[in-house]
Amino acid sequence: MNNQSSSQTHSTPLPRREGQGSGSLKSTIAVSLTNYLDAGAIVAGASGLTLWKNYLELTEMHLGWLNFISANCLGAAVGAIIGGFLADKYGRKFIFTYNMLVYMTGVLLIMLSVNFPMLLAGFLVTGISVGVGVPASWTYISESSENNNRGRNICISQMSWGVGPMVILLLGMFFAPGGYLFGWVESLAHSCLGADAAEHAVNVFSSRLVFFSLFVVAFIAWNLQRKLQESAEFTAQKAQEKKNGLIENIQLLFTNQVAVKTVCFLAGIYLTWNLVASVMGFFQPHIYETAGGVTNEQANWMNCIQWAIIVGVTLITSKLIDRTSHKLIYVFGLVVAISAWLIIVTIGVNGPVGLWAFAILWGVQGGTSVQIFYALWGSELFPAKFRAGAQGLMFFIVRGLSAVWGLLFTYIYGEQGEGFTLAAYCMIALLAVSLIVGILGAPKTRGRSLEDITKERYGEEY
């Protein structure tokens with residue numbers, strides 16, 4: 001797609017800017033808490049659905065609405081397109097200063113919910129906040145990183161996306177009725193609600209505590225992020241241009257041929273992969289139980305182990321990505337992902353060998369996932385003028401279509417997993433498209449400055 005040459009044939013990296021060097025790792029960790037809270041909100045919502053259903057006497061339609069407007073779907077999609085363009089208009093620090101306050105408001109609504117409208121509002125506000133923060137966080141990490149550490153910092157950000165589900169899932173298991181810490185939860189619930197509190201009210205208290213943990217992390221993230229300095233890349237771009245209108249930036253994104261081609265390329269690799277990953281993120285324990293035939297507790301523990309594998313492999317990837325061919329790592333991850341699904345259509349997952357092989361391989365691919373390269377290339381291949389806006393637009397498209405695909409997947413999969421093999425073939429086809437598009441269009445940006453990449457692709461005016 002791009003005729004880019006390697007870093008060795010370009011000018012040496014620009015002098016280090018304020019916020020880079022040793023500070024880039026610190027700022028990366030602070031901003032990466034946004035990803036922890038994104039994944040944590042999705043898992044916390046999914047793990048507590050049954051408890052809220054019993055407490056508020058909800059129907060399946062109610063649950064469908066909660067998923068549809070949550071951080072996993074529409075809420076995040078709407079937030080991303082808003083947050084991306086706001087970050088380009090007012091700066092990345094603007095998002096970090098206020099967005100966590102919105103997130104805490106959403107989580108607080110969920111924690112205190114006593115009826116469905118409150119719960120729905122909480123899921124929606126939390127989802128919008130998640131979407132607002134994602135494009136700004138990926139953009140800031142790239143813009144505040146050294147040229148030879150940009151990939152590492154993106155991987156660290158991705159690790160928090162693995163730690164979030166793992167921690168929240170463990171808390172949900174320990175706090176839930178029958179869990180190791182439910183006795184303590186029960187005592188706390190009675191002390192707050194009264195000794196005569198109904199059983200369902202006591203049980204759902206465990207979900208309230210899980211969301212409270214997200215509230216605490218969000219408060220910590222807000223205190224860290226609001227102290228960050230503005231991105232030097234954004235500040236320099238802001239000082240150079242005479243006009244920085246929001247509408248103008250949107251028009252530039254849709255009229256610049258290079259930008260449009262880049263959107264198509266990134267959507268080609270990320271959308272196809274995310275359609276598979278979004279299903280696994282929300283339905284994986286259910287798939288293990290119905291298609292794999294394991295208990296709920298076994299499915300949750302397998303999911304936790306898989307997330308631990310993802311975190312470990314991502315750590316290894318962070319050590320390699322800035323000195324190894326991006327295309328090589330990208331291809332490796334997708335080959336492993338396709339191999340995991342091929343196991344399903346050959347030996348199946350209704351036995352321990354096939355089930356564990358699938359879980360381990362899917363964990364390995366998660367540590368070298370397409371999302372790492374989408375976050376990296378998405379922040380490298382657009383100019384600072386509409387860098388966050390472009391990512392917000394793509395995140396909007398991906399999360400929105402993932403919501404629709406989730407509904408279609410349940411129809412293909414069936415009530416008890418009778419359509420799992422057909423679903424597996426669909427997953428293989430989607431992953432194959434992501435593999436082919438990535439091989440054909442993977443850019444050569446490793447070790448190069450964002451300014452260098454922008455000038456080559458868009459010219460001096462950007």
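Model, not experiment: these values are computed from the prediction.

1. Section: the overall build of the protein
Across its full length, the protein holds 19 helices and 0 strands. The proportion of buried residues among the 462 residues of the protein is 58%. Taking all contacts inside the protein whose residues are at least 6 apart in sequence as the whole, residues at least 24 apart take part in 82%. Summing over all exposed atoms, the protein offers an accessible surface of approximately 18,600 Å²; the carbon and sulfur share of this is 66%.

2. A closer look at helix α4 (residues 74–90)
The end-to-end C-alpha distance of α4 is 24 Å, a good match for the 24 Å that 17 residues give at a rise of 1.5 Å each. Gly75, Ala76, Ala77, Gly79, Ala80, Gly83, Gly84, Phe85, Ala87 and Asp88 are the residues of α4 that are buried. The positive-phi residue at the C-terminal boundary of α4 is glycine 91, with phi of around 110°.

3. Let's talk about unusual backbone geometry
The backbone of glutamate 57 sits at a positive phi, close to 55°, despite the residue not being glycine. Of note, glutamate 57 is situated in the loop between α2 (49–56) and α3 (60–68).

4. So, the packing of helix α5 (residues 92–111) against helix α6 (residues 116–143)
Where α5 contacts α6, the axes come no closer than 8 Å and their chain directions differ by 155°. What the angle tells us is that α5 and α6 run roughly antiparallel. Where α5 crosses over α6, the handedness of that crossing is left-handed. Grouping the constituent residues of the contact of α5 with α6 by class yields 16 nonpolar, 8 polar and 2 charged.

5. Side note on the side chain of threonine 28
Examined against the element boundaries, threonine 28 turns out to sit in helix α1 (residues 22–47). Judged by its relative accessible area of 0%, threonine 28 falls in the buried class. Side chain to side chain, threonine 28 and asparagine 153 meet in a polar contact 3.5 Å long. Apart from the residues lying within four places of it in its own chain, the contact partners of threonine 28 are Ile141, Asn153 and Ile156.

Conventions and cut-offs
Residues numbered from 1 in each chain as written. Predicted model: local features only at pLDDT ≥ 70, side-chain atom pairs only at ≥ 80, totals over all residues. Heavy atoms only, no water. Helix = DSSP H or I, 4+ residues; strand = E, 2+ residues; numbered from the N terminus. Buried < 20%, exposed > 50% of the residue type's maximum accessible area, 1.4 Å probe, protein only. Contact = heavy atoms within 4.5 Å. Areas by Shrake-Rupley, 256 points an atom, 1.4 Å probe, with all protein chains shown as cover. Expected span 1.5 Å × (residues − 1). Axes fitted to C-alpha atoms, helices over the stretch in contact; angles between N-to-C directions. Parallel < 35°, antiparallel > 145°, perpendicular 65-115°, else oblique. Left-handed = near helix turned anticlockwise from the far one by under 90°. Nonpolar A, V, L, I, M, F, W, Y, C, P; charged D, E, K, R; others polar. Polar contact = N/O pair within 3.5 Å; in protein donor to acceptor, adjacent residues only side chain to side chain.

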